[in-house]
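Single-letter residue listing:
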Amino acid sequence: MSTSTSTSTSTATEPSGAPVPVLSVSPVVLSVPGRPVDLQVRVSAPLTGTGLPVILLSHGHGPSNNLSSLNGYAPLANLWAARGFVVVQPTHLTSRTLTALVADAPGAPDFWRSRAEDMTHVLDRLEVIENAVPQLAGRIDPTKVALAGHSLGGFTAALLLGAGLTDPDTGSLVHLREPRIKAGVLLAPPGRGGDVFNGPMAAHWPVIGAVDFSTMTAPTLVVTGEKDDPRHFTDMGPDWHADPYTLAPGPKTLLTLFDAEHGLGGIAGYDAAETTDEDPERVAALARLTAAYLRTRLHPGHNAWQTAYEALATGPAPAGRAESK
């Protein structure tokens with residue numbers, strides 16, 4: 001492992017307006033045998049606290065270079081870290097920052113198996129990562145691990161949470177469930193395949209439509225945007241993104257954000273030009289709700305989600321609606 005890193009501190013703001021210092025270190029570099037390039041991760045954490053739970057964050061795939069890498073998702077990662085989580089973000093082989101290096105590597109271009117395996121590698125080396133980050137050693141609770149993923153990252157997260165996948169190359173059913181992950185958050189994830197998988201990009205990404213959500217048994221919060229139209233994959237409309245909730249067994253919760261599009265207010269990056277629905281207040285609400293959900297799931301009996309949900313339902317300007325099964 002290389003420990004050549006850059007360290008920065010930033011602040012995220014609690015609802016009270018009080019800034020919360022956050023430490024961010026990148027890259028922490030893990031050498032993985034057989035992987036065409038080293039696995040690089042960013043780690044963000046609060047400056048104080050012990051027994052910190054972990055959120056693994058799987059990035060999506062988009063037109064920018066660095067948003068689909070460990071350098072993306074700062075609006076969400078910083079807010080989660082401010083709320084007491086250690087956020088670990090790998091750069092998957094699908095990242096545009098790696099295209100020239102891995103274009104001919106096995107598994108290209110979707111690297112669906114490698115993306116999931118990245119999270120297993122992180123968990124296998126969690127203590128190494130912890131010790132590579134200044135001021136973090138001894139502060140992580142490795143028994144409390146959650147996983148979040150946006151867009152293509154939601155696809156990756158679904159596999160690790162128990163969804164099956166029919167390998168388009170072999171026709172065999174694959175399960176990549178990672179039992180160390182106790183709960184998940186799918187942010188604007190892909191939905192079902194079959195007849196509804198009929199958009200112009202469906203033929204280019206057959207693996208997206210090859211997922212079976214019926215075995216995704218881990219507790220999961222599925223977050224969708226009310227105006228997130230996936231027409232490039234399906235004519236089903238925004239409800240397609242709710243399929244991991246609709247088609248999976250409980251316990252599951254569905255959070256629909258009002259007026260949100262695929263960027264969910266801008267979670268992938270600050271002031272990103274491709275964010276079509278930029279709304280910092282929506283991002284803050286999303287961070288608050290997802291953090292509350294994961295805290296309750298990782299600490300059974302904690303009422304964080306119930307409190308956050310009641311505020312969502314009764315506030316003067318609700319960010320969305322939620323339902324559970």
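Remember, predicted model here, so these are calculated numbers, not experimental data.

### A look at the overall build of the protein chain
Then, number 1: Secondary structure assignment for the protein chain yields 8 helices and 13 strands.
Then, number 2: What you see for the protein chain is a C-alpha radius of gyration of 18 Å, in line with the 20 Å of a compact globule of 325 residues.
Then, number 3: The dimensions of the protein chain, computed from C-alpha atoms along their principal axes, are 50 × 50 × 40 Å.
Then, number 4: Split into buried and exposed, the 325 residues of the protein chain put 56% on the buried side.

### Notes on unusual backbone geometry
Then, number 1: With omega at -15°, the peptide bond leading from serine 26 into proline 27 counts as cis.
Then, number 2: Looking at where proline 27 falls in the secondary structure, it is placed in strand β2 (residues 19-30).
Then, number 3: Positioned with a positive phi, phenylalanine 111 is a non-glycine residue whose angle comes to about 45°.
Then, number 4: In this structure, phenylalanine 111 sits in the loop between α2 (99-102) and α3 (112-124).
Then, number 5: Within the chain, aspartate 271 stands out as a residue other than glycine whose phi angle is a positive 55°.
Then, number 6: The class of aspartate 271 is exposed, set by a relative accessible area of 65%.

### Quick notes on helix α1 (residues 74-82)
Then, number 1: Taking burial as the measure, the 9 residues of α1 include 8 buried ones, the bulk of the element.
Then, number 2: One or two positions beyond α1, positive phi appears at glycine 84, with a value near 100°.

### Let's talk about the pairing of strand β3 (residues 39-46)
Then, number 1: A large share of β3 lies buried, amounting to 7 of its 8 residues.
Then, number 2: Of the pairings in the sheet, the one linking β2 to β3 comprises 7 bridges and is antiparallel in character. Bridge pairing links leucine 23 to alanine 45 in β3.
Then, number 3: Of the strand pairs in this sheet, β3 and strand β5 (residues 86-90) are connected by 4 bridges, and their pairing is antiparallel. Bridge pairing in β5 places serine 44 opposite valine 87.

### As for the packing of aromatic side chains
Then, number 1: In the structure shown here, the tally under the stated rule is 5 aromatic pairs.
Then, number 2: Arranged with centres 5.7 Å apart and planes meeting at 10°, the rings of phenylalanine 197 and phenylalanine 233 form a pair that is stacked. Of this pair, phenylalanine 197 sits in the loop between β9 (183-187) and β10 (211-212) while phenylalanine 233 sits in the loop between β11 (220-225) and α6 (243-246), and the two are 36 residues apart along the sequence.
Then, number 3: When the ring of tyrosine 293 is compared with that of tryptophan 305, the centres are 5.8 Å apart and the planes differ by 90°; the resulting orientation is edge-to-face. Linking tyrosine 293 in helix α7 (residues 280-298) with tryptophan 305 in helix α8 (residues 304-314), this pair joins segments that are 12 residues apart in sequence. Residues tyrosine 293 and tryptophan 305 agree in their burial class; the two are buried.
Then, number 4: Each member of the aromatic cluster is reached from another via a ring pair, and the members are Phe197, Phe233 and Trp240.
Then, number 5: If you follow lysine 325 out to its NZ or CZ, it ends over the ring of tyrosine 245, 5.0 Å from the centre.

### Things to note about the environment of histidine 232
Then, number 1: Of note, histidine 232 is situated in the loop between β11 and α6.
Then, number 2: Once the C-alpha coordinates of histidine 232 and methionine 201 are considered, the two residues, 31 residues apart in sequence, prove to be 5.4 Å apart.

What counts, and where the lines are drawn
- Residues numbered from 1 in each chain as written.
- Predicted model: local features only at pLDDT ≥ 70, side-chain atom pairs only at ≥ 80, totals over all residues.
- Heavy atoms only, no water.
- Helix = DSSP H or I, 4+ residues; strand = E, 2+ residues; numbered from the N terminus.
- Rg over C-alpha atoms; globule rule 2.2 N^0.38 Å.
- Buried < 20%, exposed > 50% of the residue type's maximum accessible area, 1.4 Å probe, protein only.
- Pairing = 2+ DSSP bridges.
- Phe/Tyr/Trp six-rings, centres within 6.5 Å; stacked < 30°, edge-to-face > 60°.
- Lys NZ or Arg CZ within 6 Å of the ring centre and 35° of its normal.

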